[in-house]
2 protein chains.
Amino acid sequence: MRKLKTSRQPEILDAALAIADERGLEALSMRAVAERVGVTPMALYGYFRNKDELLDGLVGRLLGELVPDDPGQTWQERLGAIAWAIRRLAREHPTVFPLLLLRTSVTPDGVKLVDLAYQALLDAGVPEADVPRVERLMSTFVLGFALSEVSGRFSHASREIRHRRGTDMPAHQRLAGHLTPDDWDAEFADDLADLMRIIRPV
Amino acid sequence: MRKLKTSRQPEILDAALAIADERGLEALSMRAVAERVGVTPMALYGYFRNKDELLDGLVGRLLGELVPDDPGQTWQERLGAIAWAIRRLAREHPTVFPLLLLRTSVTPDGVKLVDLAYQALLDAGVPEADVPRVERLMSTFVLGFALSEVSGRFSHASREIRHRRGTDMPAHQRLAGHLTPDDWDAEFADDLADLMRIIRPV
DNA sequence: ACCTGAACACCGTTCAAGT
DNA sequence: ACCTGAACACCGTTCAAGT
């Protein structure tokens with residue numbers, strides 16, 4: 001297990017992120033990154049053991065863009081800040097964002113974020129034994145929502161359904177007037193409000 | 001846009017699913033599927049326009065394994081049945097499961113599932129205007145939870161954290177005794193119970 | 001310490017052809 | 001109607017070598 005150089009790691013990750021943002025995750029090849037950095041593909045292997053580790057590095061880079069931590073705010077405001085920051089990240093880097101849920105990389109900034117969430121839940125009065133579970137509940141929803149949005153799971157579905165009404169979907173028919181939201185900001189806010197009521201019933 | 005043959009589509013999708021289950025999503029290549037079906041790679045292109053469409057077909061196949069619909073149950077039981085069925089699917093096909101969140105394919109069985117969820121929410125007394133949003137909230141959480149579980153986001157994180165205690169994660173330190181769950185069945189059940197209280201406060 | 005070149009074993013897909 | 005063979009433009013990665 002050789003030792004890795006670190007000197008140009010940030011530069012390489014920047015190049016990788018730029019490629020993914022501009023041309024999609026599929027275009028993110030070792031060869032493309034190398035070309036952008038101005039180096040031979042093999043030179044990258046001095047900085048990352050393989051492509052998987054480069055992707056882990058990318059996840060770390062993304063999480064570094066978050067981390068608000070504005071103490072002096074209420075616990076609701078702090079939890080909300082994390083949630084909206086994650087969603088913003090998804091919209092800024094839609095093609096890389098799925099890696100946050102797919103790859104299991106534990107980065108310092110990620111841990112820091114979880115710690116802030118723990119603290120907010122403690123301040124909210126959630127019993128210590130429940131805090132980690134509730135944090136996972138919240139983060140799972142937030143990550144899932146952001147992913148659904150950028151992957152098109154939400155919008156694509158509701159668009160598609162309008163075409164094939166009828167047949168055997170009685171509930172869809174009854175809800176015909178309510179199937180077209182398209183204000184995801186408002187929906188996300190409503191969802192967060194509902195979830196806050198799990199944490200502490202108002 | 002040529003017309004596709006359908007005759008051997010199910011056979012091809014079975015082969016694809018078997019490969020992914022046995023050797024992972026990365027091993028799922030057109031060439032591997034072709035070999036398993038006993039045919040040249042190019043023969044597949046008579047049944048699916050490209051690999052993406054084959055993956056969409058796979059998503060449809062997975063959703064076909066679900067669809068409980070046991071009327072005569074309470075709305076809680078019906079919603080729970082869907083949630084647990086999705087989670088079971090994730091554990092049976094861990095490497096393909098992420099496609100459900102990543103790919104935006106709208107299949108008949110998927111729509112059917114959503115319709116059942118809508119009906120349960122209506123029966124629960126959720127106002128018509130809120131039903132689609134609450135369904136998205138629930139499905140987002142359930143898919144996200146199942147994905148986090150099979151991708152290792154949950155277990156990996158909690159395992160990792162035990163090593164690097166100390167430093168600057170005060171909340172982690174305070175929660176030291178509660179950071180090791182590992183009974184995900186129980187956690188999923190607790191989460192669903194909390195979410196049901198969003199739908200209808202008891 | 002850092003990088004290169006050539007090579008290996010793979011990919012998805014097109015095109016023209018065969019029965 | 002269904003399938004094949006050869007080819008193209010890609011991949012990630014190893015190995016030996018060069019400064």
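Residues numbered from 1 in each chain as written. Chains lettered and ligands numbered in written order. Predicted model: local features only at pLDDT ≥ 70, side-chain atom pairs only at ≥ 80, totals over all residues. Heavy atoms only, no water.

1. Details of the domain arrangement of chain A
All names here are of chain A. Domains assigned within chain A are domain 1 (6-49) and domain 2 (65-199). Listed as interface residues are five residues of domain 1 and, on the opposing side, six residues of domain 2. Roughly 420 Å² of surface becomes buried between domain 1 and domain 2 when both sides are summed, with 65% attributable to carbon and sulfur atoms. In this assembly, domain 1 and domain 2 are joined by zero salt bridges. The interface formed by domain 1 and domain 2 holds two residue pairs in polar contact (both at pLDDT 80 or more) in total. Across the side of domain 1 that touches domain 2, the residue classes break down as three nonpolar, one polar and one charged. (Domains from an automatic or database assignment. Contact = heavy atoms within 4.5 Å. Buried area = accessible area lost by both parts, 1.4 Å probe. Salt bridge = Lys/Arg side-chain N within 4 Å of Asp/Glu carboxyl O. Polar contact = N/O pair within 3.5 Å; in protein donor to acceptor, adjacent residues only side chain to side chain. Nonpolar A, V, L, I, M, F, W, Y, C, P; charged D, E, K, R; others polar.)

2. Examining the side chain of aspartate 191 of chain B
In this fold, aspartate 191 of chain B is placed in helix 10 (residues 184-199). Among the residues examined, aspartate 191 of chain B registers a relative accessible area of 0% and is labelled buried. (Helix = DSSP H or I, 4+ residues; strand = E, 2+ residues; numbered from the N terminus. Buried < 20%, exposed > 50% of the residue type's maximum accessible area, 1.4 Å probe, protein only.)

3. Section: the nonpolar core
Ile199 of chain A together with Ile199 of chain B are the most contacted members of the largest nonpolar core, which has 138 residues in total. Apart from residues lying up to four places away in sequence, isoleucine 199 of chain B is in contact with Trp75, Leu79, Leu121, Ala124, Val126, Val134 and Met138 of chain B. (Core = buried A, V, L, I, M, F, W, Y, C linked by side-chain atoms within 4.5 Å.)

4. Let's talk about the protein's contact with DNA strand C
Near DNA strand C there are 16 residues, and of these Lys5, Arg8 and Thr40 of chain A together with Arg31 and Met42 of chain B occur at the shortest range. In the environment of DNA strand C, a phosphate oxygen lies 2.6 Å from a nitrogen or oxygen atom belonging to the side chain of arginine 8 of chain A. Between DNA strand C and arginine 31 of chain B there is a distance of 2.3 Å, counted from a base nitrogen to a side-chain nitrogen or oxygen. For the surface near DNA strand C, the residue count by class is seven nonpolar, four polar and five charged. (Near = heavy atom within 4 Å.)

5. Focus: the packing of helix 4 (residues 75-92) of chain A against helix 7 (residues 131-151) of chain A
Each packed pair of helices is defined by two parameters, the angle between the axes and the distance between the axes. Residues and elements named next belong to chain A. Put simply, helix 4 and helix 7 touch, their axes get as near as 9 Å, and they point 25° apart. Comparing the axis directions of helix 4 and helix 7 gives the class roughly parallel. The two elements helix 4 and helix 7 cross, and the hand of that crossing is right-handed. Contacts between helix 4 and helix 7 involve Leu79, Ala83, Ile86, Arg87, Ala90 and Arg91 from the former and Met138, Val142, Leu143, Phe145, Ala146, Glu149 and Val150 from the latter. In terms of residue class, the contact of helix 4 with helix 7 is built from ten nonpolar, no polar and three charged. (Axes fitted to C-alpha atoms, helices over the stretch in contact; angles between N-to-C directions. Parallel < 35°, antiparallel > 145°, perpendicular 65-115°, else oblique. Left-handed = near helix turned anticlockwise from the far one by under 90°.)

6. A look at the interface of chain B and chain A
Contact with chain B, which involves 56 residues of that partner, is made by 56 residues of chain A. Across the chain B to chain A interface the summed buried area is about 5,200 Å²; carbon plus sulfur atoms make up 61%. Of all residues in chain B, Arg133, Arg136 and Arg153 of chain B give up the largest surface area on contact with chain A, accounting jointly for 12% of the area buried on that side. Applying the counting criterion to the chain B and chain A interface returns eight salt bridges. Where chain B touches chain A, the interface holds 19 residue pairs in polar contact (both at pLDDT 80 or more). For the side of chain B that touches chain A, the secondary-structure elements that each account for two or more residues are helix 5 (99-102), helix 6 (108-123), helix 7 (131-151), helix 8 (153-161), helix 9 (170-174) and helix 10 of chain B. Broken down by element, the residue count for the side of chain B that touches chain A peaks at 14 residues, all from helix 7 of chain B.

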